[in-house]
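Breakdown of the fold
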Amino acid sequence: MDLISIKNRCSSLLPYTYGFFMCAFFLFPSAKSHNILFYSTVLAPALPLFGGQFSHLFKNNIPYRIISIFIIYCSFSVFWSPNSNFGSIFKIFRHALYPLIFISITIHIFETNPKNLKKIFTWLIVAAVITAVANIFLWYKDNPFPISRLRGWGRIENPIVIGCCYGMIAIITLTRMFKATARRDILIYMATTIIFFMFIILTQSRLALIALSIIFLVSVIIHLNRMAMIFLMAAVMSITLFLLLEPEIIQKYFRGTAHIRFYIWKQILYDSMNTPFFGHGILDKLSVVVDGRTYTTSHSIYIGTAFHFGIFGILMLTFVIISALKISFDYAKQSKDYLLFLLCIFGLVCSAGDFGVLIDHPNGPWLLFWLPISLSVSKYNETREFYYGTRP
């Protein structure tokens, strides 16, 4: 079998293996098993294609070019990080390669065949519904309902992260519900959206609930019609009734420690001023003490980028974000499909309130940040041709 045949087989196989890998964010029992799945189902078939894809995208897709430069710059920060050695350098460059390949493959899959988007998103909805129902049953079988904070099962256990991930899927079902014409489809997507919304409430994740509420209201305004208003009223009444019946949940939301993030961010930004332009480097460990407790993550992608990669890193990341928002909004105006734009906004809001760095193994930021950014960037040439009549 020659190299061209291998590339063709890998290209035809990737949408299925990639889709399975994305569903595994919800289905797989541990981070280790999910990483192994990434190596075998995404990385392995992607490697024969990566060289050509990287060259093509780097030349013809400006936002992808900046993303690549940003990731390469972040990985090179290992050289001015403390305690840098050969082993850590190799590890960081290997970790940088993973999201770069993931972004390249995402763009390739959805740019070459846009129908893959609907298919893979359907798989994600099914996987998320199954795990949401199972997760609620398994957790509250042994813990008091609904006072105890629902934690994720398997790959993503953190209630904040899993709440955000389910919020992303809720946006997909919400937009599909507004576009559906058959009554059966409307009811199915309405039910799944409410399930995901209730799941998020049970995780007691303020970040996910705030981000989803913003998107929810924006989506209703965009699709303002009788059906949208009926759904809005039904959702608000259902959630209000649930909270009135279980007031302990409201108390837990207000007794939370979300305000501590502001003290963490303030201290990290103050420390960032020691090396403002290039940052402390990717290996430098964060350590912030608030109320006697030590925090080792920035709880914000943007604050973490400022600390580790400095002003240059923030500028590149800002360009990536602005480009993705512009492309997704242009595509929304062109196609009347606002899903990518809403996913971008949601992911950016969630990234502002949690996580640390974007260079790592498959984790929450891949699903919440890199996926919507990559999907938007995949529409770069299409929107460019539509609005400006030019295409590389």
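Anything mentioned here points back to the structure above.
1. Some remarks on the overall build of the chain
Along the chain, the regular secondary structure elements total 15 helices and two strands. Residue burial in the chain is summarised as follows: out of 392 residues, 54% are buried. Considering only residue pairs separated by 6 or more positions, the chain has 76% of its internal contacts joining residues 24 or more positions apart. Carbon and sulfur atoms make up 68% of the accessible area of the chain, which totals about 17,900 Å².

2. A look at a nonpolar patch on the surface
Together, Ile 72, Phe 76, Phe 79, Trp 80, Phe 277, Phe 278, Ile 311, Phe 312 and Leu 315 line one region of the surface with nonpolar side chains, adding up to about 870 Å² of accessible area. For the nonpolar patch, the secondary-structure elements that each account for two or more residues are helix H3 (62–76) and helix H12 (301–335). The dominant element in the nonpolar patch, judged by the number of residues it contributes, is H12, at three residues. Positionally, Trp 80 belongs in the loop between H3 and helix H4 (86–112). Given a relative accessible area of 33%, Trp 80 falls into the partly exposed group.

3. Some details on helix H6 (residues 159–179)
Three- or four-residue spacings in an α-helix give side chains the same orientation, since the helix completes a turn every 3.6 residues. The first and last C-alpha atoms of H6 sit 30 Å apart over 21 residues, in line with the 30 Å expected at 1.5 Å per residue. Of all the 21 residues making up H6, 20 are buried; the element is thus mostly covered by neighbouring parts of the structure. With a side-chain oxygen positioned 2.8 Å from the backbone nitrogen of Ile 160, the residue opening H6 is Asn 158.

4. What to know about empty space enclosed by the protein
Per the stated rule, a full pass over the model turns up two cavities of 30 Å³ or more. By volume, the second largest cavity amounts to about 30 Å³. Around the second largest cavity, the lining residues are Phe 26, Thr 131, Asn 135, Trp 153, Ile 162 and Tyr 166. For the lining of the second largest cavity, the class distribution of residues is four nonpolar, two polar and no charged.

5. A closer look at the environment of Asp 291
Among the structural elements, Asp 291 can be located in the loop between strand E1 (288–290) and strand E2 (293–295). Put simply, Asp 291 and Tyr 263 are 28 residues apart on the chain and 9.9 Å apart in space, counted from C-alpha to C-alpha.

6. Some remarks on unusual backbone geometry
Positive phi outside glycine occurs at Asn 83, with the angle close to 60 degrees. The topology assignment puts Asn 83 in the loop between H3 and H4. Overall, Asn 83 belongs to the exposed group, its relative accessible area being 70%. Phi at Lys 336 takes a positive value of approximately 65 degrees, unusual for a residue other than glycine. Turning to its location among the elements, Lys 336 is positioned in the loop between H12 and helix H13 (339–353). Lys 336 gets classed as exposed once you look at its relative accessible area, which sits at 61%.

7. Some remarks on the pattern of salt bridges
Side chains carrying opposite charge are able to pair once their charged atoms draw close together. Counting across every chain of the model gives six salt bridges. Between Asp 337 and Lys 179 there is a salt bridge whose closest N-O contact spans 3.7 Å. Taken as a pair, Asp 337 in the loop between H12 and H13 and Lys 179 in helix H6 lie far apart in primary sequence, 158 residues in all. Residue classification places Lys 179 among the exposed residues on the basis of a relative accessible area of 51%.

8. Quick look at the packing of aromatic side chains
The description of two aromatic rings rests on the distance between their centres and on the angle between their planes. Enumeration over the complete set of coordinates arrives at 30 aromatic pairs. Among the aromatic residues, ring-to-ring pairing joins Tyr 18, Phe 21, Phe 25, Phe 38, Tyr 39, Tyr 98, Phe 102, Phe 110 and Trp 366 into one connected group. In this arrangement the basic side chain of Arg 65 is found over the ring face of Phe 58, its NZ or CZ atom lying 5.9 Å from the centre.

What counts, and where the lines are drawn
- Residues numbered from 1 in each chain as written.
- Predicted model: local features only at pLDDT ≥ 70, side-chain atom pairs only at ≥ 80, totals over all residues.
- Heavy atoms only, no water.
- Helix = DSSP H or I, 4+ residues; strand = E, 2+ residues; numbered from the N terminus.
- Buried < 20%, exposed > 50% of the residue type's maximum accessible area, 1.4 Å probe, protein only.
- Contact = heavy atoms within 4.5 Å.
- Areas by Shrake-Rupley, 256 points an atom, 1.4 Å probe, with all protein chains shown as cover.
- Patch = residues over 30% accessible without salt bridge, like charges linked within 9 Å, V, L, I, M, F, W, Y side chains within 5 Å.
- Salt bridge = Lys/Arg side-chain N within 4 Å of Asp/Glu carboxyl O.
- Expected span 1.5 Å × (residues − 1).
- Polar contact = N/O pair within 3.5 Å; in protein donor to acceptor, adjacent residues only side chain to side chain.
- 1 Å grid on protein atoms, 1.4 Å probe; cavity = no way out; pocket = protein on both sides within 12 Å on 5 of 7 lines; lining within 4 Å.
- Points joined across faces, edges and corners; volume = space filled by probe spheres on them.
- Nonpolar A, V, L, I, M, F, W, Y, C, P; charged D, E, K, R; others polar.
- Phe/Tyr/Trp six-rings, centres within 6.5 Å; stacked < 30°, edge-to-face > 60°.
- Lys NZ or Arg CZ within 6 Å of the ring centre and 35° of its normal.

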